Amino acid sequence: MMDTSRSPSEASGFSRKLAATIIIVYMVVTLIPISWMVATSFKSVDSAISYPPEVFFEPSLEGYVNLFTNRSRQPKDYLDTLPPPDTWYEELVRSREMVITGPSKFLPRYSNSLIIGFGATFFSVFLGSLAAYALSRFKVPLKDDLLFFILSTRMFPPIAVAVPIFIMYRKLGLGDTHVGMIILYTVVNLSLSVWLLKGFMDEIPREYEEAAMIDGYSRMQAFFKVVLPQATTGIAATAIFCMIFSWNEYAFAVLLTQFNAQTAPPFIPTIIGEGGLDWPAIGAGTTLFLIPVMIFTVVLRKHLLRGITFGAVRK
Amino acid sequence: MKSAVKKFKGLSDKAIAWIFIAPTLILLLAINIYPLIYAIRMSFTNFYANKIGREVKFVGLKNYKKILGKEEIWEKMQITAHFVCWTLVIQALIGLGLALLLNKKFKGNELLTTLIVLPMMLSPAVVGVFWTYLYNPQVGLFNYVVNFFYDFGIFDMIGSSTLAPWSIVIVDTWMWTPFTMLICLAGLRSIPNYLYEAAEVDRASKWQQFIHITLPSVLPFLLLALLFRGIENFKMFDLVAELTSGGPGSATELASINLKREAFEKWKTGYSSAFAVILFVTIFGFGNVYVKVMNKIKDR
């Protein structure tokens, strides 16, 4: 970002240093909860519940092992009869007087999050860019009302429409299915995607496609071969926002899915219940779940403002 | 209008416009508007979604009368109002403060902004889960840090009905202050420098410059940020559902949490639909008035 506008307090070196110090302190404080969760994921169960909280600790992969497996506690004499463990994770579990009974549901839940997230992102960006192009270029009757209508769908509390959708999905056989969740998240994301993409497309000069059309392209061809490639950055930014939303969504997921299409956010809290307060496992689940979003945020940083305000603030 | 473009081959622009908009419109009508109308219709009945086959009767405005006359509902509204007001006030102050500081250009500015923004991109439900750990009265880091500065002994942020409403305010503030900050920062950066130069010429003090230039220019941006946050927090569900799930008792039972209990635990579909409609109308009404006021301030 180029600093074209200079702030009035540019002159004073001291006030700038003071500002930087306060900001850095805030940054450190605000990142403590996140770092603490990542650190907890590498603790042993005992170390996670020691007081005072341990800042320095012996790293352990217990949390990750517990996250990915189901275990059952066994008496010591039974464990002694078993053949020695084959793998390091079996050994770790064995040392806690437990045996692995199978893989946990975390992986299926995580992959549900991926499937539903990518599916919904694809459709909302695809449909959104069509609608955004039409709203950006053509005279559409009641255009402003239409745009406001599209935005207003975001004001419904999700719970308010969840009951009718629940009943509707039950009738259509879409309840607890990937298809149902992809459709739902596509629709929820559409308002954001239309608004953002319209802003991006407004910035592409009409002359480009007009020139292409003079060269013999039809309007359709011009859209797919000239406008869409020009809008790549905007489309990518919009896609990441849609992905983050679907990834993080909880209300619909917890109300409409249960066994088959449940995503990670409603699942992670249930880890608490399995075998006492297993904070390292929760830390591990949280860490694996949050990492993609953090990477996305860094990638998105230039478009962040636009995304979170539905394009109301650009810059 | 049409003459210039009509000459080109392929479908007419009008046809393309409708082909492009139709799928979006149909989906929104099917998955958003239809359910809303459905909910409005159900709100006039005594429907229970778990009792299939039971006769559904039209009960007129009974559900609405019941809700508006219920003291419990006003309690929930008060809890919601407490949450919305405090989060907005605190996030406005800290957000604007941080934006003012970040606007003084220093090295690493952009990197710091990105790092500060991280919490608001995370999944609110998952954030709720791991804050229950930080708030744990025996081993929580939050409790340890607070006790480090002033020894309160053992206290339970989530378990005590006086502290719980503040526990959700703290987490929401931690998560969403960067939102206000980012938008205010955009406002600050949009102020043209010549305004300050002119003020310098007029010998206006720094304080006067702040009151007469900075604040009025950043205000529309701040108001916009608060509009977004206000709507979101009025509907707040995921974070609080996982952090306190409305408890202890009903100390943090926000409107949406209560709605979920009525609709998906007690299955009072008709009654909860009426409550949903009331909430939606409230958000819409407040939103509209707010936007009008905001535009008036902007025009001044």
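Computed from a predicted structure; not experimentally measured.

Calculation rules
Residues numbered from 1 in each chain as written. Chains lettered and ligands numbered in written order. Predicted model: local features only at pLDDT ≥ 70, side-chain atom pairs only at ≥ 80, totals over all residues. Helix = DSSP H or I, 4+ residues; strand = E, 2+ residues; numbered from the N terminus. Contact = placed C-beta atoms within 7 Å. Rg over C-alpha atoms; globule rule 2.2 N^0.38 Å. Buried ≥ 20, exposed ≤ 12 C-beta atoms within 10 Å, placed from the backbone. Bend = angle between axes of the 7 residues up to and from the residue. Domains from an automatic or database assignment. Nonpolar A, V, L, I, M, F, W, Y, C, P; charged D, E, K, R; others polar. pLDDT = per-residue confidence, 0-100. Axes fitted to C-alpha atoms, helices over the stretch in contact; angles between N-to-C directions. Parallel < 35°, antiparallel > 145°, perpendicular 65-115°, else oblique. Left-handed = near helix turned anticlockwise from the far one by under 90°. Core = buried A, V, L, I, M, F, W, Y, C linked by C-beta atoms within 7 Å. Pairing = 2+ DSSP bridges.

Q: Is there a simple way to think about the overall build of chain B in this case?
A: The helix and strand tally for chain B stands at 13 helices and zero strands. Beginning at the N terminus, the succession of helices and strands in chain B can be written as α-α-α-α-α-α-α-α-α-α-α-α-α. In terms of overall dimensions, chain B has C-alpha extents of about 80 × 80 × 35 Å along its principal axes. Taking all contacts inside chain B whose residues are at least 6 apart in sequence as the whole, residues at least 24 apart take part in 71%.

Q: Is there a simple way to think about the overall build of chain A in this case?
A: On a plain count of helices and strands, chain A comes out with 16 helices and two strands. In terms of overall dimensions, chain A is more spread out than a globule: its C-alpha atoms have a radius of gyration of 25 Å, far above the 20 Å expected for 315 residues. Overall, the C-alpha framework of chain A stretches about 85 × 65 × 40 Å when taken along its three principal axes. Residues counted as buried form 43% of the 315 residues belonging to chain A.

Q: What exactly am I supposed to notice about helix α10 (residues 206–234) of chain B here?
A: An α-helical segment advances 3.6 residues per turn. Residues three or four places apart therefore align on the same side. All names here are of chain B. Roughly 40° is the biggest bend found in α10, and it falls at Leu215, with proline Pro216 one to four residues downstream. Within α10 the residues assigned to the buried category are Thr214, Val218, Phe221, Leu223, Leu224, Ala225, Leu226, Arg229, Asn233 and Phe234. Tucked inside the fold, the buried residues of α10 contact α4 (71–103), α8 (164–189) and α13 (269–299).

Q: How should I be thinking about the domain arrangement of chain A in this particular structure?
A: Accessible area lost on assembly of the parts is the figure often given for the size of an interface. We note that the domain assignment places domain 1 (13–41), domain 2 (45–104) and domain 3 (107–308) within chain A. If you average the C-alpha positions of domain 1 of chain A and of domain 2 of chain A, the two centres end up 34 Å apart.

Q: What is the right way to read the interface of chain B and chain A from this model?
A: Listed by partner, the interface residues are 83 residues for chain B and 86 residues for chain A. Broken down by element, the residue count for the side of chain B that touches chain A peaks at 15 residues, all from helix α2 (residues 13–42) of chain B. The class makeup of the residues in the side of chain B that touches chain A is 59 nonpolar, 14 polar and ten charged.

Q: Where do I start with the environment of Arg189 of chain B in this structure?
A: The topology assignment puts Arg189 of chain B in helix α8. Taking C-alpha positions, Arg189 of chain B is 50 Å from Lys66 of chain B, a pair spaced 123 residues apart along the chain.

Q: When you look at the confidence of the model for chain B in this model, what are you seeing that I'm missing?
A: Residues shown with low pLDDT carry predicted positions that ought not to be read at fine detail. Residues and elements named next belong to chain B. Considering every residue of chain B, the mean pLDDT works out to 87; 97% of them sit at 70 or more. Within chain B, helix α1 (residues 3–6) has the poorest average pLDDT of any element, 47, and α4 the best, 93. Within the model, the stretch residues 1–6 combines pLDDT values under 50 with two contacts to residues more than four positions away or in other chains. For this predicted complex, the interface confidence reaches an ipTM of 0.86, while the overall pTM sits at 0.87.

Q: What is the right way to look at unusual backbone geometry in this model?
A: Most peptide bonds take the trans configuration, and most residues that are not glycine carry a negative phi. All names here are of chain B. The residue Arg203 is not glycine, and still its phi comes out positive at about 60°. Counting through the fold element by element, Arg203 comes out in the loop between α9 (193–201) and α10. Judged by local crowding, Arg203 falls into the exposed class, with 7 C-beta atoms found within 10 Å. Positive phi, close to 40°, is recorded for Ser245, a residue that is not glycine. Examined against the element boundaries, Ser245 turns out to sit in the loop between α11 (238–243) and α12 (255–265).

Q: Can you help me understand the packing of α8 of chain B against α10 of chain B in this one?
A: Two numbers describe a pair of packed helices, the interaxial angle and the distance between the axes. All names here are of chain B. Packing of α8 against α10 leaves a shortest axis separation of 8 Å and a crossing angle of 150°. If you check the angle between α8 and α10, you find them roughly antiparallel. Crossing of α8 over α10 shows right-handed handedness. Of the residues in α10, those in contact with Asp172, Trp176, Phe179, Thr180, Ile183, Cys184, Ala186, Gly187 and Leu188 of α8 are Ser217, Val218, Phe221, Leu222, Leu224, Ala225, Arg229 and Asn233.

Q: Hey, could you run me through the nonpolar core in this one?
A: Nonpolar side chains in soluble globular proteins generally cluster together in the buried interior. Residues Leu182 and Cys184 of chain B are the most contacted members of the largest nonpolar core, which totals 159 residues. Ranked by residue count, the leading element in this core is helix α9 (residues 178–202) of chain A, at 15 residues. The residues contacting Leu182 of chain B, other than those within four sequence positions of it, are Leu304, Leu305 and Ile308 of chain A together with Val117 of chain B.

Q: What should I look at first to understand the packing of helix α1 (residues 13–41) of chain A against α4 of chain B in this one?
A: Running from N to C, α1 of chain A and α4 of chain B point in directions that differ by 130°, and their axes come no closer than 9 Å. The pairing of α1 of chain A with α4 of chain B is recorded here as oblique in orientation. Here α1 of chain A runs over α4 of chain B; the crossing is left-handed. For the pair α1 of chain A and α4 of chain B, contact is made by Ala19, Ile22, Ile23 and Tyr26 of chain A and by Leu98, Leu101 and Leu102 of chain B, respectively. For the contact of α1 of chain A with α4 of chain B, a count of residues per class yields seven nonpolar, no polar and no charged.

Q: Explanation requested: the pairing of strand β2 (residues 98–103) of chain A in the structure shown.
A: Every regular strand shows the same layout, with side chains that alternate between the two sheet faces. Residues and elements named next belong to chain A. Burial analysis of β2 places just zero of its six residues in the buried class, which makes it a mostly uncovered element. Taken together, the five bridges between strand β1 (residues 69–73) and β2 define a ladder with antiparallel strand orientation. When the sheet's bridge partners are listed, Arg71 is paired in β2 with Ile100.

Q: Can you help me understand the environment of Gly128 of chain B in this one?
A: Residue and element names in this part refer to chain B. If you trace the backbone, Gly128 turns up in helix α6 (residues 124–134). The class for Gly128 is buried, based on 24 C-beta atoms found within 10 Å. Along the chain, Gly128 and Leu112 lie 16 residues apart, while their C-alpha atoms are 24 Å from each other. The contact partners of Gly128, leaving out residues within four places of it in the chain, are Asp238, Leu239, Val240, Ala241, Glu242 and Leu243.

Q: Sorry, what's going on with the environment of Ala20 of chain A here?
A: Residue position: Ala20 of chain A is located in helix α1. Taking C-alpha positions, Ala20 of chain A is 60 Å from Leu82 of chain A, a pair spaced 62 residues apart along the chain.

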